[in-house]
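# Chains, contacts and geometry: an overview
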Number of protein chains: 2
Amino acid sequence: MSLYDGLDTYIEESRPRFESWLGRWVEVPTVSMDPARRDDVRAGASVVAESLQALGALATVVETGGHPMVVAGWEYHADWPTVTVYNHLDVQPAMEPEWTRDPFKFSIENDRYYGRGTTDDKGPALTALLAARYAIEHAVPLNIQFVWEMEEEIGSPHFKDGLAKASIGHGRGLQTPDSVVVSDTVWLAGGKPAAPYGLRGLLAAHLTLETATREAHSGLTGGVARNPLTELCAVIDRCVDAASGRVRIPGFYKDVRPLGKKDAEQFLASGFQVKSFADAHKLTKLRTRDRASVMRRLWAEPTFEVHGLTGGYTGPGVKTSIPPRAEAKVSMRLVPDQHPEKIFSLFRRYVRKLNPDIRVESDGMLRPYVGDLRGPYAAALKTAMRFGFDREPAFIREGGSIGAVVTMVEQWNAPVMFLGLSLPDHGYHAPNERFDWGQASRGMKAFVKYFDEISRLP
Amino acid sequence: MSLYDGLDTYIEESRPRFESWLGRWVEVPTVSMDPARRDDVRAGASVVAESLQALGALATVVETGGHPMVVAGWEYHADWPTVTVYNHLDVQPAMEPEWTRDPFKFSIENDRYYGRGTTDDKGPALTALLAARYAIEHAVPLNIQFVWEMEEEIGSPHFKDGLAKASIGHGRGLQTPDSVVVSDTVWLAGGKPAAPYGLRGLLAAHLTLETATREAHSGLTGGVARNPLTELCAVIDRCVDAASGRVRIPGFYKDVRPLGKKDAEQFLASGFQVKSFADAHKLTKLRTRDRASVMRRLWAEPTFEVHGLTGGYTGPGVKTSIPPRAEAKVSMRLVPDQHPEKIFSLFRRYVRKLNPDIRVESDGMLRPYVGDLRGPYAAALKTAMRFGFDREPAFIREGGSIGAVVTMVEQWNAPVMFLGLSLPDHGYHAPNERFDWGQASRGMKAFVKYFDEISRLP
């Protein structure tokens with residue numbers, strides 16, 4: 001009897017459980033960003049651990065120093081390969097006035113599941129779990145271990161520590177997996193699966209300049225007093241061309257790997273549309289509307305952004321004083337093969353040369369990640385997506401940086417694949433978030449196929 | 001009998017009244033900036049009006065739409081010239097932790113008078129009043145009218161309206177004076193009188209740029225999304241050279257009147273010291289320490305300052321989002337013969353050329369003012385200062401802009417002279433503010449002499 005003979009029936013029979021569990025998960029408001037929700041986040045970890053246990057897994061809530069994480073797995077077979085399934089069960093806040101339902105009250109309407117976290121990332125997590133249960137029951141020779149984080153929306157500050165401490169139970173630590181599959185990304189369009197194979201890195205920093213010890217009157221001192229805000233503006237202008245976005249730090253582009261022909265082709269085949277992109281992010285003005293250029297800029301080129309300038313007057317009207325000190329908060333998205341440490345050195349040296357009185361300090365770094373488009377895991381993902389959704393996925397990249405992914409790559413040196421199930425109209429990070437049974441049921445098929453495929457890799 | 005025979009005796013005999021009245025005035029906390037002090041400001045106006053009336057003046061508390069003002073005068077003689085004495089009776093807040101006394105409890109120690117407002121500007125106002133009383137009693141043929149404002153520290157928003165409505169009493173409006181004397185400025189050093197004869201003008205504005213309708217994720221959109229903060233930084237850099245302070249707006253310097261030889265000489269003779277200046281304003285870094293250059297920059301050259309950039313993230317740490325809109329609050333100090341309206345047009349046109357999506361809006365304009373160093377009022381002031389303080393005043397300029405002065409110049413087209421009595425160590429706008437009997441008693445002599453001198457001008 002083939003692995004797949006009973007799959008459709010299993011999926012159909014799983015539906016009531018999928019819906020009741022997703023409802024239970026969604027109704028725990030696991031908003032990791034909100035200190036007042038600390039207990040809810042912890043309760044959310046317990047609830048999902050109970051679901052894992054109900055499916056026969058060993059599951060443990062692991063203390064990390066911040067919000068806990070949940071790790072789980074079934075009986076370990078040393079001669080089978082191991083995959084880590086990564087999801088996160090914390091959610092974004094849901095304060096937007098556009099919510100037409102209580103965001104933490106689960107509801108079902110026409111195969112759609114409403115509530116904060118349905119698509120990001122509780123629905124995909126439960127989809128992966130039910131698929132894993134099927135694979136385990138049908139003796140797919142693969143150790144499947146889950147790592148479910150509760151701090152993804154706040155940048156995974158304790159993920160590394162949590163991984164180090166994690167025990168699945170009965171004294172069993174996490175296995176170093178042969179590969180990782182992450183289900184937390186968004187397709188570019190419904191009906192057209194997209195599988196990112198790369199993430200940009202990140203380098204955050206702040207620049208501070210102090211020229212006095214108290215606010216000065218711009219009449220009594222202006223012309224002689226140095227204005228730290230004006231000086232920071234000048235430095236920012238020297239770091240990036242505001243119109244084109246081209247970074248001006250000498251040596252910044254030296255290690256940027258040119259976009260391969262295959263990558264560029266994948267991008268063009270992805271179904272990406274500039275208008276949908278701009279609409280989704282509410283951008284009214286873009287640097288360019290050229291489709292190929294937009295994708296290249298988002299996925300394969302580095303950036304330099306200013307996020308805030310503090311120190312000056314920010315109230316209503318004008319106050320004509322010169323601030324004694326100012327700070328610029330900046331960040332750079334990095335692409336292969338830029339090294340954050342090296343870029344930070346270039347940046348600091350350059351700023352010091354431009355203005356020796358400015359202090360430059362780092363606020364964190366993440367390396368860029370790019371997977372192997374040609375390798376066996378990409379092939380397995382392609383097969384799985386075609387099996388689940390009747391179409392091959394577009395291999396694209398992600399412009400963002402997922403801290404947990406970089407940590408897993410660094411910890412385990414294993415390939416990371418992205419089997420995402422969210423659609424653009426699911427309202428990821430937006431009001432009226434939803435998931436749907438189509439993505440869940442087809443996602444289960446794809447996951448079962450993926451587990452099967454990678455269990456047979458050497 | 002000469003006017004001056006009884007003056008020293010009058011001044012000595014006035015001392016108890018000076019001290020008791022100054023105490024009464026200081027103990028009303030007329031903090032115009034603090035909405036909670038609204039009633040105190042009004043009470044302060046009544047108290048000083050009572051003092052004026054006690055000296056035989058007609059005095060009226062005039063409604064302005066904001067805090068009131070007080071106008072006063074003695075019997076009007078149509079064949080005498082008229083001088084307006086301008087002071088303000090509102091004070092700065094006194095929240096600094098360095099206060100060693102209750103700022104609104106008056107105290108006397110070694111000829112020094114302590115309390116908020118003693119030197120700025122209640123002490124000088126009372127000095128001028130007691131001198132005026134002497135001049136009136138001794139039949140100096142001069143109509144002396146007082147205009148005492150309660151909104152100077154908040155930029156005189158209702159001063160013009162107040163002047164228009166002001167009635168001294170008995171149906172008598174304010175006379176259009178032949179000249180104005182302002183007593184509200186600070187010497188550069190004790191023992192060396194300084195008389196400003198010019199003020200810089202002001203042009204305040206804000207620039208706004210919107211590129212999206214909500215915050216964007218810098219990973220998901222960075223490279224394509226326009227960053228309004230970065231673009232404003234670029235425009236600011238094009239408007240001013242941060243290092244030198246040189247303004248880059250085309251045509252900006254065209255109408256700047258070159259500093260005359262006589263002015264430059266007066267500046268150099270003023271006793272101005274760069275170190276004292278930097279210490280007083282707590283400036284730890286200056287654009288230059290060259291003495292002549294510092295004075296020229298402060299008093300005779302225009303500026304361009306950024307006071308605040310809003311729109312970005314200003315909390316702790318870094319938030320890597322791209323703001324949808326940003327605002328830059330800027331101002332320019334202007335010097336003769338720059339016209340604020342003309343400069344604003346140049347500025348707006350230039351910004352639009354640099355970045356057509358930026359909106360430029362004005363937040364108020366004040367024309368620069370420069371008096372006539374060679375005229376008879378300057379000569380009278382010189383004679384008066386020499387009579388009161390045994391030294392001629394240094395004629396300097398003020399880098400700031402006093403809205404009321406520009407309004408009086410525009411309303412009356414009369415010369416404005418500055419007979420200030422505050423010393424650098426009086427703590428003007430600073431903690432432990434004080435005045436002293438030396439400046440008060442000598443100031444009365446100077447004022448009497450000044451009234452006498454100008455009463456004899458054609």
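Residues numbered from 1 in each chain as written. Chains lettered and ligands numbered in written order. Predicted model: local features only at pLDDT ≥ 70, side-chain atom pairs only at ≥ 80, totals over all residues.

Attention now goes to the overall build of chain A. In terms of regular secondary structure, chain A is built from 13 helices and 20 strands. Over its C-alpha trace chain A gives a radius of gyration of 24 Å, about what one expects of a compact globule, namely 23 Å for 458 residues. Principal-axis analysis of the C-alpha atoms gives chain A an extent of 85 × 50 × 45 Å. At a minimum sequence separation of 6, the contacts of chain A that also span at least 24 residues come to 80%. (Helix = DSSP H or I, 4+ residues; strand = E, 2+ residues; numbered from the N terminus. Rg over C-alpha atoms; globule rule 2.2 N^0.38 Å. Contact = placed C-beta atoms within 7 Å.)

What follows concerns the relation of the copies chain A and chain B. Aligned on chain B, chain A shows an RMSD of 0.2 Å; the corresponding rotation is 180° and the shift along the axis is 0.1 Å. Such values leave the two copies arranged in the relation of a two-fold axis. Residue C233 of chain A of chain A places its C-alpha closer to the rotation axis than any other residue of that unit, at 2.2 Å. Take the interface residues of chain A: 100% of them recur as interface residues in chain B, which is what a same-surface contact looks like. (Least-squares fit on C-alpha atoms with pLDDT ≥ 70 in both.)

On to the environment of E305 of chain B, then. Looking at the secondary structure, you find E305 of chain B in strand β13 (residues 305-310). C-beta crowding within 10 Å serves as the criterion here: with 28 such atoms nearby, E305 of chain B is assigned to the buried category. Taking the C-alpha atoms as reference points, E305 of chain B and G315 of chain B, 10 residues apart in sequence, are found 24 Å from one another. Sequence-distant contacts of E305 of chain B, defined by excluding residues within four places in its chain, comprise S218, G222, N227, T230 and I322 of chain A together with V330 and S331 of chain B. (Buried ≥ 20, exposed ≤ 12 C-beta atoms within 10 Å, placed from the backbone.)

Further remarks concern the packing of helix α11 (residues 376-389) of chain B against helix α13 (residues 437-455) of chain B. Packed helices, taken two at a time, are described by their axes: the angle between them and the distance between them. All names here are of chain B. The interhelical angle for the contact between α11 and α13, taken along N-to-C directions, is 145°, at an axis separation of 8 Å. As for how α11 packs across α13, the hand of that crossing is right-handed. For the pair α11 and α13, contact is made by Y377, A380, L381, T383, A384, M385, F387, G388 and F389 and by R442, G443, K445, A446, K449, Y450, E453 and I454, respectively. Of the residues in the contact of α11 with α13, the class split is 10 nonpolar, three polar and four charged. (Axes fitted to C-alpha atoms, helices over the stretch in contact; angles between N-to-C directions. Left-handed = near helix turned anticlockwise from the far one by under 90°. Nonpolar A, V, L, I, M, F, W, Y, C, P; charged D, E, K, R; others polar.)

So, on to the sheet that holds strand β20 (residues 434-436) of chain A. Residue and element names in this part refer to chain A. Spatially, the three strands line up as an open sheet ordered β4-β5-β20, and their pairing is antiparallel. Two strands close off the open sheet at either side, each with one partner strand: β4 (107-109) and β20. Direction aside, the axes of adjacent strands within the sheet are offset by 25° on average. Sheet topology note: the strand β5 (residues 112-114)/β20 ladder contains three bridges and is antiparallel. Paired with Y114 across the bridge in β20 is R434. (Pairing = 2+ DSSP bridges.)

All names here are of chain A. In spatial order, the strands read β1-β2-β6-β3-β9-β19; together these six strands make up an open sheet with mixed pairing. Here the strands that pair on one side only, and so sit at the sheet edges, are β1 (58-62) and β19 (416-418). Direction aside, the axes of adjacent strands within the sheet are offset by 20° on average. As paired elements, strand β3 (residues 82-88) and strand β9 (residues 179-182) share four bridges and run parallel to each other. Bridging from a neighbouring strand, V85 pairs with V181 of β9.

Once that is clear, we can look at the confidence of the model for chain A. Mean pLDDT for chain A: 94, with 100% of residues reaching 70 or above. For this predicted complex, the interface confidence comes out at an ipTM of 0.87, alongside a pTM of 0.87. (pLDDT = per-residue confidence, 0-100.)

For the rest of this paragraph, the subject is the environment of S276 of chain A. All names here are of chain A. Structurally, the position occupied by S276 is in helix α8 (residues 274-280). The class of S276 is partly exposed, set by 14 C-beta atoms lying within 10 Å. When the C-alpha positions of S276 and E63 are compared, they lie 41 Å apart, and in sequence the two are 213 residues distant.

With omega at 15°, the peptide bond leading from D120 of chain B into D121 of chain B counts as cis. Mapped onto the elements, D121 of chain B comes out in helix α3 (residues 118-137). For the bond running from P336 of chain B to D337 of chain B, omega is 5°, close enough to zero to count as cis. Positive phi outside glycine occurs at A139 of chain A, with the angle close to 55°. Structurally, A139 of chain A is set in the loop between α3 (118-137) and β6 (143-149). One non-glycine residue, N413 of chain A, lies in the positive phi region at around 50°. The class of N413 of chain A is exposed, set by 8 C-beta atoms lying within 10 Å.

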